[in-house]
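Residue-level listing of the chains:
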Amino acid sequence: MEVTIPQLHRYYEQHRYTVSQVVDWYLTRIARYNGVYRPLEQVFEADARAAAAREDREAGAPHGPLWGVPIVIKANTSIGGKVTTNGWEGFVVPGHELTAPRDATIVTRLRAAGAIILGHSNMPDFANSDTTRSSSFGRTGNAYDVRFSPGGSSGGTVTAVTGNMAVLGNGTDTGNSIRMPSGTSALIGVFPTRGLVSIAGIAPLDWLLDNTGPIARNVTDAAIALGVMAGEDPLDPATQGSAARAQPGPYTQYLKSDALKGKRLGVPAFILEGIGIPFRGTPAVVPDGAAAKHADEEAWPLDPRTRAAFMKAIEELRALGATVVMDDSVLPESFARSAWRIATYPYGREGTDLFLKDFGPAEYHSAADYQRVMGAPLGAPMIGTEPGKAEFLYGDIKINQRTLETDPEAERNFHGPRRRVLKDYLDTMERLHLDGYVYPSSQMPPVDETMPQDGKVSDGPHSATSWVNQLGVPAVVVVGGFYESGLPFGMEFSGRPFRDGDLLGYAYSWEQGTHHRHPPVLVEKGLLPIGK
């Protein structure tokens, strides 16, 4: 049930299983449970079986680190010849589907390493939600209790992986979307240093914040997958020069059971205080008072249950030899206030056009093409036309879409604030001799989606971790424990840029010292009606 990549490869070497037998086992499990939990929007049964048969024929030849490993790919990540639904009904209109002309860069790398793709995992429209309900497919439930949210936007991947419907998968993350759902589902979620892994071929929500990384049940598998996914790519300028800056592979060399011993980890004060940082930031043209109001509206207090789970985890960290620094000067409110101003919203449409140029279908290669062909615009989050953001709610301020390289306001909107906040992040590490930061991966437990909360069905759970995307620093989520309800609690480490191996080491040390993960018990009959 909880087979790891090394175990699976031993089974292959011992001829206990063929790749075809393993793939059939996972496909049978998907057929049994996908109708209840709905993690997979598309299942590529014939393709997966054909790939498995091909690998069985090549069993005696040298093979890659993911040879014979069944995986899932998030529905915003291009797979050549398949529909990149991006969770949105507008990309599945018959005759006008967003059919990918080729694989995303990470899909090419995963295939080359021998991975077998089982299907596209469900996600909310445009990856623009903290839960997983899509207009193209419907709702995904949490594998530990289908009534509860698996988080978003990588909810389909986490439910598939934690429910043993795949060995691992990829997630994407614009504000928390690998890390928060991994936390809801007792998984390892890796947000690499931005630039370590290419995002080319992934439908953007915000190309200046987007990232992709592995989601797995254990740190070893995540480290193996990250090594496959990492690398420079001419289609993603952010990756240029990353090979020289990154810690050398393989990432499994950093996985030591005593990696936490003697390490100093700081707890960001603003997270404990529930101070919000608006998703995609607030442009410089917005007055300070309005920016503060915007931040207050996107702030989520730390739930007492989450605080208690985190404090228990801190004691476990100390028992493993780490020093945990809890001090009001560790990334205080002033850090959050500065991060408010890292504004990426004015440049969203540029990223969408860049994606469609290379990975759009034959009939549309830009947002303008889509509107011309369909007679309706692309989704507002992808082209920067959301009423609450494009037309700022606290005055008559219009946020127009611009090109980052030629925008005279780019320094005030993005480059300057980001440079200052990253300096603050790193200076705090130097001043307090920190090896990293540690904090809850969300501000609350997974939420019950069967009943209204605060007068509406929740669109959470929510986190206070979008600043990681703004800075592009690496972060890893681990299994922090479980709430009294039986639902998982996730804990997150972040660290220095391109020190991804160090973070994986901390995650491994935690995993081996606590062994918190246990798999969910899946049900064959849903507790909720299936629908959108």
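Residues numbered from 1 in each chain as written. Predicted model: local features only at pLDDT ≥ 70, side-chain atom pairs only at ≥ 80, totals over all residues. Heavy atoms only, no water.

Colleague: I'd like a description of the packing of helix 7 (residues 219-229) against helix 19 (residues 500-514), backed by residues and values.
Modeller: To describe two helices that pack against each other, one gives the angle between their axes and the distance between the axes. Interhelical geometry of helix 7 versus helix 19 gives an angle of 160° and a closest axis separation of 9 Å. Regarding the angle of helix 7 to helix 19, the classification is roughly antiparallel. Our pair here, helix 7 against helix 19, has a crossing hand that is left-handed. Contact residues: Val219, Thr220, Ala223 and Leu226 in helix 7; Asp500, Leu504, Ala507, Tyr508 and Glu511 in helix 19. (Axes fitted to C-alpha atoms, helices over the stretch in contact; angles between N-to-C directions. Helix = DSSP H or I, 4+ residues; strand = E, 2+ residues; numbered from the N terminus. Parallel < 35°, antiparallel > 145°, perpendicular 65-115°, else oblique. Left-handed = near helix turned anticlockwise from the far one by under 90°. Contact = heavy atoms within 4.5 Å.)

Colleague: Residues and numbers for the nonpolar core, please.
Modeller: Grouped together as the largest cluster of nonpolar side chains are 92 residues, with contacts concentrated most on Leu66, Leu118, Leu317, Val438, Met491, Phe493 and Leu504. Ranked by residues supplied to this core, first place goes to helix 2 (residues 19-37) with nine residues. Residues contacting valine 438, with those up to four places away along its chain left out, are Leu265, Gly266, Val267, Pro268, Phe310, Leu317, Val324, Met491, Glu492 and Phe493. Counting 34 residues, the second largest nonpolar core, distinct from the first, contains Ala292, Leu331, Phe414 and Tyr437. (Core = buried A, V, L, I, M, F, W, Y, C linked by side-chain atoms within 4.5 Å. Buried < 20%, exposed > 50% of the residue type's maximum accessible area, 1.4 Å probe, protein only.)

Colleague: Residues and numbers for the sheet that holds strand 1 (residues 40-43), please.
Modeller: Remark on secondary structure: sheet strands pair via backbone hydrogen bonds, oriented parallel or antiparallel. Strand order across the open sheet formed by 11 strands is 1-3-2-6-8-7-14-15-13-9-10, with mixed pairing between neighbours. Each end of this open sheet is capped by a strand with a single partner; those strands are strand 1 and strand 10 (323-325). On average, each strand axis in the sheet is inclined to that of its neighbour by 30°, with strand direction left out of account. (Pairing = 2+ DSSP bridges.)

Colleague: Explain unusual backbone geometry to me, using residue names and the numbers behind them.
Modeller: With an omega dihedral of 5°, the bond running from glycine 152 to serine 153 counts as a cis peptide bond. Note that serine 153 resides in the loop between strand 5 (138-139) and helix 5 (155-162). The omega torsion across glycine 460 and proline 461 is 15°, close enough to zero to call that bond cis. Within the element layout of this structure, proline 461 appears in the loop between strand 13 (436-440) and helix 18 (466-471). Unlike most non-glycine residues, histidine 15 shows phi in positive territory, near 60°. A positive phi angle, near 70°, is found at arginine 280, a position not held by glycine.

Colleague: Outline helix 4 (residues 105-112), supporting the account with residue identities and numerical values.
Modeller: When helix 4 is considered as a whole, its buried residues turn out to be Thr105, Ile106, Val107 and Leu110. In this structure, the buried residues of helix 4 make contact with strand 2 (70-74), strand 3 (116-121), strand 6 (168-172), strand 8 (212-216) and helix 7.

Colleague: I'd like to hear about the side chain of asparagine 142, residue by residue, with values.
Modeller: Along the chain, asparagine 142 turns up in the loop between strand 5 and helix 5. A polar atom in the side chain of asparagine 142 sits 3.3 Å from the backbone oxygen of threonine 184. In contact with asparagine 142, other than residues within four places in its own chain, are Tyr37, Phe148, Ser149, Pro150, Thr159, Thr184, Ser185, Pro446 and Leu487. (Polar contact = N/O pair within 3.5 Å; in protein donor to acceptor, adjacent residues only side chain to side chain.)

Colleague: Run through helix 17 (residues 410-431), naming residues and quoting values.
Modeller: In an α-helix, one turn spans 3.6 residues; hence positions three or four apart end up facing the same way. Look at helix 17: 30 Å from first C-alpha to last across 22 residues, which is about the 32 Å you get at 1.5 Å a residue. At glycine 416, helix 17 is deflected by roughly 30°, the largest bend along its length, and proline proline 417 occurs up to four residues later in sequence. For helix 17, the set of buried residues is Ala410, Asn413, Phe414, Gly416, Pro417, Val421, Leu422, Tyr425, Thr428 and Met429. Against the buried residues of helix 17 lie helix 12 (333-340), strand 13, helix 18 and strand 15 (488-494). Directly beyond the C-terminal end of helix 17, a positive phi value near 55° is found at histidine 433. (Expected span 1.5 Å × (residues − 1). Bend = angle between axes of the 7 residues up to and from the residue.)

Colleague: Tell me about the pattern of salt bridges, and please be specific about residues and values.
Modeller: Oppositely charged side chains can form a pair if their charged atoms are brought close together. Applying the stated rule across the entire model yields 29 salt bridges. Among the salt bridges present, the one from arginine 337 reaches glutamate 333, with a minimum N-O distance of 3.2 Å. With a gap of four residues between them, arginine 337 and glutamate 333 both fall in helix 12, about one helical turn apart. The class for arginine 337 is partly exposed, based on a relative accessible area of 41%. Within the structure, one salt-bridge network assembled from shared partners comprises Glu2, Arg217 and Arg517. (Salt bridge = Lys/Arg side-chain N within 4 Å of Asp/Glu carboxyl O.)

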